[in-house]
Amino acid sequence: MSIAMSSSQPRVVLIGGGIIGLAIGWRLALAGASVDIFERDAAAGQRASRAAAGMLAAAVEAEPGEQPLLPLCLASREMWPDFAAELEAASGLPVGLRREGTMVVALTRDDVETLRSNYEFQRGLGLDIHWLTGAQAKEREPFLNPRTAAAVYSPRDGQVDNRLATAALRVALAKAGGRLHEGTPVTGLEISAGRVTGVQLGDRVQAADKVVLAAGAWSRLLPGLPVPPPVRPVKGQMLSIAMDPAAPLLNHVVWGPKCYLVPRADGTLIVGATTEEKGFDDQMTAGGVLALLEAAWRTLPGIEELPIREMWNGLRPGCRDDAPILGWAEGVEGLALATGHHRNGILLAPITAHTIADLVLTGRVDEKIAGFGAGRFARLGVVAA
Ligand code: FAD
Ligand code: GLY
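Since the structure is predicted, the reported quantities are computational estimates derived from the model, not experimental observations. (Residues numbered from 1 in each chain as written. Chains lettered and ligands numbered in written order. Predicted model: local features only at pLDDT ≥ 70, side-chain atom pairs only at ≥ 80, totals over all residues. Heavy atoms only, no water.)

1. Digging into the overall build of the protein
Argument step 1. Along its length, the protein carries nine helices and 19 strands.
Argument step 2. Here the C-alpha atoms of the protein give a radius of gyration of 21 Å, agreeing with the 21 Å that 2.2 N^0.38 yields for 385 residues.
Argument step 3. The principal-axis extent of the C-alpha atoms belonging to the protein is close to 65 × 40 × 40 Å.
Argument step 4. The proportion of buried residues among the 385 residues of the protein is 56%.
Argument step 5. Approximately 15700 Å² of the protein is accessible, and the part contributed by carbon and sulfur atoms is 52%.
Argument step 6. Separation between the mean location of the 37 positive side-chain charges and that of the 41 negative ones in the protein comes to 1 Å. (Helix = DSSP H or I, 4+ residues; strand = E, 2+ residues; numbered from the N terminus. Rg over C-alpha atoms; globule rule 2.2 N^0.38 Å. Buried < 20%, exposed > 50% of the residue type's maximum accessible area, 1.4 Å probe, protein only. Areas by Shrake-Rupley, 256 points an atom, 1.4 Å probe, with all protein chains shown as cover. Lys, Arg positive; Asp, Glu negative; His and termini not counted. Charge placed at Lys NZ, Arg CZ, Asp CG, Glu CD.)

Structure representation (structure tokens):
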């Protein structure tokens, strides 16, 4: 999808080289903007965007109270196939998009009641999901716990390999002429007469016509923000198990009670995730790993003898209403916000890239993101801590 530019090559600086900064930067560079992404870490894409499971779970993650977010999630999910194809063509690298669909399984009577209530809520929203008996679920996934009592099947909720996608974005960005500066923290904003004119990089300044803040869970910590976006870190611990790629135990993404399981094409089975309010703490804990392993083993007992491949954790950029902040910042002209993607930043990368690149280049606020501006928090009386 191309974006028309209204004036000659604007200089755009992006703060943060996660999937959100990289995807927006790629779109801007393709449209002819001069793009510089500054990433504090030695390598980009190592934070939430590496930690994620890569589920494109617009339907099965739809929860009561999050109805305003649903159209954005559904629209971005539908953009993923073209976005992935374009990214693979531009970078020459695979991104691991898989479209077998997602199953949510219930093991006990209690689980079935919860599943039924979520199913009715999600069906009421018009989502394309289907009730399966335990036998039908095991026909699709024979290694599920034999006691699997029922499942919901969501054919359109797939997955992408977020680590591959981030790696592909780095290459595509460079090929489109964008520059990624790793190991380069942005230390403040240059603001003149209420307008952003650049960013501070320690003792030097990079001039810019527009700046995009895409610093994930750290977004509100950037010095000099007139109104820091109210984003907080929400920790998630994860682990992965090595399946035989020639005989994987699962093909669909599966949500079991208290865990989700995401099978990659190379045989890696991702098991996630805890949801913890622990600030910027990044320790793995025995309790977290125990809970994940137990839940995964109950859902898919065949993992018992398989080797553990990796354990890690990441910080979701969470907002009070679990929706991202997309639009112009309050109190300073020329500063766009693309942060707070919480549990859905991989899913929402294509629509964020398109709408924020459009915003930066044309000033237009796409109606799909009109309800996600930072102003909604001021109206609710929410201030950053
Ligand atoms: P990040 O990837 O965290 O990137 C922000 C970057 O900004 C970092 O690299 C950081 O170093 C940099 N930065 C910060 N401050 C500065 C500064 N001052 N100067 C320069 N750079 C700076 N989403 C899904 O859609 N599907 C999933 O299945 C899924 N699973 C998840 C599982 C877990 C355990 C976690 C933690 C998250 C999951 N998410 C999932 C959410 C998703 O990972 C995030 O929403 C998304 O990665 C946010 O991307 P980002 O680029 O905003 O943040
Ligand atoms: N979306 C899955 C997670 O955030 O854990």
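2. What to know about the site of ligand 2
Argument step 1. Taken together, the neighbourhood of ligand 2 is formed by Met55, Glu61, Tyr260, Ala273, Arg316 and Arg343.
Argument step 2. The separation between a nitrogen atom of ligand 2 and a polar side-chain atom of Glu61 is 2.9 Å.
Argument step 3. Contacts to ligand 2 include Arg316, whose side-chain N or O atom sits 2.7 Å from an oxygen atom.
Argument step 4. Alone, ligand 2 offers 200 Å² of accessible surface; in the complex the protein occludes 89% of this.
Argument step 5. Residue composition of the shell around ligand 2, by class: three nonpolar, no polar and three charged. (Near = heavy atom within 4 Å. Polar contact = N/O pair within 3.5 Å; in protein donor to acceptor, adjacent residues only side chain to side chain. Nonpolar A, V, L, I, M, F, W, Y, C, P; charged D, E, K, R; others polar.)

3. Side note on the sheet that holds strand β9 (residues 188–192)
Argument step 1. Sheet architecture is open: three strands sit in the order β9-β10-β11, paired in antiparallel fashion. Of all the strands in the sheet, just β9 and β11 (204–207) have a single pairing partner and so form its edges. Each strand of the sheet is rotated relative to its neighbour by a mean of 35 degrees, with strand direction disregarded. (Pairing = 2+ DSSP bridges. Axes fitted to C-alpha atoms, helices over the stretch in contact; angles between N-to-C directions.)

4. Some points on the site of ligand 1
Argument step 1. Around ligand 1 lies a shell of 37 residues, among which Glu39, Ser49, Met55, His342 and Leu347 are the nearest.
Argument step 2. Contact distances for ligand 1 include 3.2 Å between an oxygen atom and a backbone N or O atom of Ile20.
Argument step 3. In isolation ligand 1 has 1000 Å² of accessible area, and contact with the protein removes 98% of it.
Argument step 4. Broken down by element, the residue count for the shell around ligand 1 peaks at four residues, all from strand β17 (residues 308–318).
Argument step 5. When the residues that make up the shell around ligand 1 are grouped by side-chain class, the tally is 19 nonpolar, twelve polar and six charged.

5. Considering the sheet that holds strand β1 (residues 11–15)
Argument step 1. With respect to topology, six strands assemble into an open sheet ordered β8-β2-β1-β12-β19-β18, the strand pairing being mixed. The open sheet is flanked by β8 (179–181) and β18 (325–328), the only strands paired with a single partner. For this sheet the average axis-to-axis angle between neighbouring strands, irrespective of direction, equals 15 degrees.
Argument step 2. As paired elements, strand β2 (residues 34–38) and β8 share three bridges and run parallel to each other. Residue Asp36 lies in a different strand from β8, and its bridge partner there is Arg179.
Argument step 3. Along the sheet, helix α8 (residues 349–362) contacts β1, β12 (210–213), β18 and β19 (335–339); its crossing angle with β18, the most-contacted strand, is approximately 10 degrees. (Contact = heavy atoms within 4.5 Å.)

6. Some remarks on helix α1 (residues 19–30)
Argument step 1. Compared with the 16 Å implied by 1.5 Å per residue over twelve residues, the 16 Å span of α1 between its first and last C-alpha is a close match.
Argument step 2. Regarding α1, the residues found buried are Ile19, Ile20, Gly21, Leu22, Ala23, Ile24, Gly25, Trp26, Arg27, Leu28 and Ala29. (Expected span 1.5 Å × (residues − 1).)

7. Quick notes on the nonpolar core
Argument step 1. Among the nonpolar cores identified, the biggest contains 51 residues, and Leu28, Trp80, Val212 and Ile356 are the most heavily contacted of them.
Argument step 2. Sorting the residues of this core by element identifies β1, α1, β2, α3 (70–91), α6 (162–175), β19 and α8 as the ones contributing at least two each.
Argument step 3. Discounting residues that sit within four places of it in the chain, Val212 has contacts with Val12, Val13, Leu14, Ile15, Ile24, Ala336, Ala338, Ile356 and Val360. (Core = buried A, V, L, I, M, F, W, Y, C linked by side-chain atoms within 4.5 Å.)

8. Examining the pattern of salt bridges
Argument step 1. Within the structure shown, the criterion is met by 22 salt bridges.
Argument step 2. Here Arg179 makes a salt bridge to Asp36, at a shortest N to O gap of 2.8 Å. Within this pair, whereas Arg179 is found in strand β8, its partner Asp36 is found in strand β2, the two being separated by 143 residues in sequence.
Argument step 3. The exposure class assigned to Asp36 is buried, which follows from its relative accessible area of 6%.
Argument step 4. A single salt-bridge network, built from bridges that share partners, covers Arg77, Glu78, Arg156 and Asp157. (Salt bridge = Lys/Arg side-chain N within 4 Å of Asp/Glu carboxyl O.)

9. Re the side chain of Arg98
Argument step 1. Topologically, Arg98 is positioned in the loop between α3 and β4 (102–106).
Argument step 2. Judged by relative accessible area, which is 14%, Arg98 ranks as buried.
Argument step 3. Reaching out from Arg98, the side chain makes a polar contact with the backbone oxygen of Pro263 at a distance of 2.9 Å.
Argument step 4. If near-sequence neighbours (up to four positions away) are discounted, Arg98 is found in contact with Gly158, Gln159, Asn251, Pro263, Arg264 and Ala265.

In short, geometric facts, not functional conclusions.
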